Structures are given as C-alpha cells and as structure tokens.
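Overview (structure and organization)
Spelled out from the first residue to the last, the chains are:
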Amino acid sequence: MALSSPSLGAHHHHLPPLHTTHHSSSPKLLFLHPPHFSSSSCNFPIIIRTATTPQTEKWRAQVSFFPAFLKKGGKDANTIKQELLQAIAPLDRGADATPDDQQTVDQIARKLEAVNPTKEPLKSNLLDGKWELIYTTSQSILQTKRPKLLRSVTNYQAINVDTLRAQNMESWPFFNQVTANLTPLNARKVAVQFDTFKILGLIPVKAPGRARGELEITYLDEELRVSRGDKGNLFILKMVDPSYRVPV
C-alpha cells in the first residue's frame, strides 16, 4: 500500500507508500454435463454414427488445436512475477531506476495486474500482515537526493482488514512509524487518514488532518502485492509476516 508520512525535523525519513496531499510549505507525508441416457430409460444399446469427410476431419483438427493455442499464448502469474522480480532486483527499490527502467517495470506490473487472482482484496485475509517495500516510483519515499546513510534501509507496511488499520515502519537509521485508519471506497481501493507518528519509534506526534491519501490494490496473492497511489506512483511489496497486528 502506499502511505506516505510527513517529514518531522531534519532526521525524518519517509515511510512506505501512499502519496498524500500537502502544501509546499507544510511537512511531507510518509508515506481480484452434457446430457446422458439413464440405463433405466432404455433396454437396448444406442449407437450413434456420423459420416466423416476430409472437411470434417480438418475442422476437428482446427477445433482441437485452438484451445491449446490459447493456453500457450499467455503467461501465468508466476511467470510474470518472476519477470517482475528480476526487473526490479538491481534497482535498489527504485532508487537506481532510469525512466526506461520505470517504464519496463510498469509494463510488467500491468501484465501481472491483468491476471490478478484476488478481485476483491479488501475482502481477503491475504492482505493481512506485514509487507516489505521492494520497489516504488515515489521519490518522497526513496529520498534519492539524500546521502544513502540518511535513507531508511528497509521500509515496511502492515495492514489489518478486520480493523481497517495500517502502519508504515522504517528500519535503520531512524525507525520512524505512522499509523492510519482506512476507509474502503470500493473492494480494492481505500482512503487513508494518518493519525499518529512515532519519531524514532518512540515519541508520539498527532498527525495533521491533511495527512491523508488514497491507495488502490491492483494485485494480491500470498507472496506479492502491487498497489498504486493517488499521485500515480507504483508500489510493489512482498509478504514477510502474515500474523502481524497493527496497533489499534
């Protein structure tokens, strides 16, 4: 998901995805049987013969070939997932992606979204748990203008469908966190309202009312999630802990 949280001081770093709206002078936000005859109805065998001609044999061959052609024509989700993971592997979560890289990843992601097995992710427990962000186009999360030492090494996002709660977490060096309430807009899209930031994971700060955004979950299975934010950014996450619970 893409929840983006506001910068709080010089040591703030953005948490996982969902771009939010803000003013330039205000802090930034952190972040799918044929009929049969009964034996009781007749007491004699029924034999049906049909005449065959070269034309009918040719037609049968075409019909039998057609489904096989369809089956071989498209890639399954696992194949596309591997293609996507290979494309993003050298890109440092998107920080090293060129515009061409971003276009390639987006095209593969769209192919994966087209075979999404979870049509209504907000009704699925596959969404529950802690996810690791492995790729995004959000520069406010990647913070590529900062030295690498001042960027979060790993970003996580947790979602619990039953409580409609979400949480973004950074790892070293800042360990910032933010929690949010989710409001379903349809079976795959939510409005996000951030409520509390935790600076260094310890100091609570109430989030301003403008700390909000939207997130659409476009692909979901037990291993991978693809989401798109209201600012057009792409977020790809992998599941790391399906048992994780977001603080209420």
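Summary of the structure given here. Keep in mind the model is a prediction, meaning the values are calculated, not measured.

**Some points on the overall build of the protein**
Looking only at helices and strands, the protein has 4 helices and 9 strands in total. In the protein, the succession of α and β elements from N to C terminus is α-α-α-β-α-β-β-β-β-β-β-β-β. Taking all 248 residues of the protein together, 44% fall into the buried category. Summing over all exposed atoms, the protein offers an accessible surface of approximately 13,900 Å²; the carbon and sulfur share of this is 58%.

**Considering the environment of T163**
The residue T163 is located in the loop between β2 (155-160) and β3 (165-170) in this model. By relative accessible area, which is 30% here, T163 ends up partly exposed. When the C-alpha atoms of T163 and V248 are compared, they prove to be 7.6 Å apart, with 85 residues separating the residues in sequence. The contact partners of T163, leaving out residues within four places of it in the chain, are R245 and V248.

**Regarding the pattern of salt bridges**
Taken as a whole, this structure holds 13 salt bridges when the rule is applied. For R228, the salt bridge goes to E113, with nearest N and O atoms at 2.8 Å. Here the residue R228 occupies a position in strand β8 (residues 224-229), and E113 occupies one in helix α3 (residues 99-113), the gap between them amounting to 115 residues. E113 matches R228 in its accessibility class, with the two residues each being buried. Of the charged contacts, one joins E120 and K123 as a salt bridge, the two residues approaching to 3.5 Å between their closest N and O atoms.

**Digging into unusual backbone geometry**
A cis amide bond links W172 to the next residue, P173, at an omega of 10°. Within the fold, P173 resides in the loop between β3 and β4 (177-184). Positive phi, normally seen in glycine, also occurs at Q143, with a value near 50°. Looking at the element boundaries, Q143 is found in the loop between α4 (139-142) and β2.

**Thoughts on the nonpolar core**
With 23 residues, the main nonpolar core has L127, L182, V190, V192, F194 and F235 as its most contacted residues. Those elements that provide at least two residues to this core are β1 (129-136), β4, β5 (189-199), β7 (212-220) and β9 (234-241). Per-element tally for this core: the top contributor is β5, with 4 residues. Membership of the second largest hydrophobic core comes to 16 residues, among which are A109, I134, L234 and I236.

**With respect to the pairing of β5**
As judged from the 8 bridges shared by β4 and β5, these two strands associate in the antiparallel manner. Across the sheet, residue Q177 finds its bridge partner in β5, namely K198. What sits between β4 and β5 in their antiparallel hairpin is a turn of 4 residues. Inspection of the sheet shows β5 paired to β7 by 5 bridges, in the antiparallel sense. What sits directly across from Q193, in β7, is R212. Judged from the 4 bridges that link them, β5 and strand β6 (residues 203-206) form a sheet pairing that is antiparallel.

**Some remarks on α3**
For α3, spanning 15 residues, the distance from its first C-alpha to its last is 21 Å, which sits close to the expected 21 Å at 1.5 Å a residue. Along α3, the residues classified as buried are V105, D106, I108, A109, L112 and E113. For α3, the angular spread of buried residues about the axis comes to 170°, placing them on one side. When the buried face of α3 is taken as reference, the exposed residues oriented beyond 90 degrees from it are P99 and D100. Contacts from the buried residues of α3 go to α2 (77-88), β1, β7, β8 and β9.

**Observations regarding the pairing of β2**
Counting buried residues along β2, 5 of its 6 residues qualify, which places the element largely inside the surrounding structure. Bridge count for β1 against β2 is 4 bridges, and the pairing is antiparallel. Each bridged residue has a counterpart across the sheet, and for E132 the counterpart in β2 is Y156. Two elements, β2 and β3, share 6 bridges in a ladder whose sense is antiparallel. Among the inter-strand pairings, N160 is bridged to a residue of β3, identified as R165. Between β2 and β3, which pair antiparallel in sequence order, lie 4 residues; one of them, L164, sits at a positive phi of approximately 55°.

Scoring rules and cut-offs
- Residues numbered from 1 in each chain as written.
- Predicted model: local features only at pLDDT ≥ 70, side-chain atom pairs only at ≥ 80, totals over all residues.
- Heavy atoms only, no water.
- Helix = DSSP H or I, 4+ residues; strand = E, 2+ residues; numbered from the N terminus.
- Buried < 20%, exposed > 50% of the residue type's maximum accessible area, 1.4 Å probe, protein only.
- Areas by Shrake-Rupley, 256 points an atom, 1.4 Å probe, with all protein chains shown as cover.
- Contact = heavy atoms within 4.5 Å.
- Salt bridge = Lys/Arg side-chain N within 4 Å of Asp/Glu carboxyl O.
- Core = buried A, V, L, I, M, F, W, Y, C linked by side-chain atoms within 4.5 Å.
- Pairing = 2+ DSSP bridges.
- Expected span 1.5 Å × (residues − 1).
- Arc of directions from axis to C-beta.

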